[in-house]
Amino acid sequence: MAKHAKEMETLKEHLGKHQLKFTRQRELILDAFLKQEHITAEEMYHQLAKKDPHLGLATIYRTLNLFCEAGLAQARHFGTQTQYDNVSHKGHHDHLICTSCQKIVEFENCDIERLQEEVATKNGFVIQTHRLELYGLCSRCRH
């Protein structure tokens, strides 16, 4: 868990500011979360139930939302599920989402970013934040 020291410290600072405790369960969830790119609370629950049978789904939801507040995660609503995106080590990126198997591909494209800025400027906007999600079928589901 030492390799996640920066993220642990970020979480501890956030918890301290809100008079919350850094618990063994939160540490366990953070360690598992940081090994993922995208995960649902239910998937996390199934992964961790073997390690800690007392860990409930509600605790995982609350903890993942704490990660979002601390800037370590972003809740993304892909289709019918909320996926928690591990953003602790990433910059801005966009997503391709398969509507059949739910596969998520992250990508960055400077041309798309430039075009968005051009459209915003042309319309008198200053972009503060955005997200681009493209839905379709991955190559495996098309064949």
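Residues numbered from 1 in each chain as written. Predicted model: local features only at pLDDT ≥ 70, side-chain atom pairs only at ≥ 80, totals over all residues. Heavy atoms only, no water.

Engineer: Give a detailed account of the UniProt feature "binding site: Zn(2+)" (unreviewed entry) in the protein, specifying residues and quantitative values.
Structural biologist: The UniProt entry lists Cys-98, Cys-101, Cys-138 and Cys-141 under the feature "binding site: Zn(2+)" (unreviewed entry), expressed in the numbering used here. Spatially, the listed residues are clustered: although they cover 44 residues, their C-alpha atoms lie within 8.2 Å of one another. Its place among the elements puts Cys-101 in the loop between strand E4 (94–98) and strand E5 (104–107). Under the relative-accessibility criterion, Cys-101 is labelled partly exposed at 31%. In this view, Cys-101 contacts Cys-138, Arg-140 and Cys-141; residues no more than four positions away in its chain are not counted. Its place among the elements puts Cys-138 in the loop between strand E6 (133–136) and helix H6 (139–142). Those residues within four positions of Cys-138 in sequence are excluded, and the remaining contacts are Cys-98, Cys-101 and Lys-103. (UniProt positions renumbered as here; feature names shortened; annotations may be inferred. Helix = DSSP H or I, 4+ residues; strand = E, 2+ residues; numbered from the N terminus. Buried < 20%, exposed > 50% of the residue type's maximum accessible area, 1.4 Å probe, protein only. Contact = heavy atoms within 4.5 Å.)

Engineer: Mind laying out helix H1 (residues 5–17), listing which residues take part and the relevant values?
Structural biologist: The end-to-end C-alpha distance of H1, which contains 13 residues, comes to 18 Å, matching closely the 18 Å that a straight helix rising 1.5 Å per residue would cover. Burial in H1 covers these residues: Glu-7, Met-8, Leu-11, His-14 and Leu-15. An end-on view of H1 places all buried positions within 125° of arc, on one side of the element. Exposed residues lying more than 90 degrees from the buried face of H1 are Lys-6 and Lys-17. Positioned one or two residues after H1, Gln-19 has a phi angle of 55°, which is positive. (Expected span 1.5 Å × (residues − 1). Arc of directions from axis to C-beta.)

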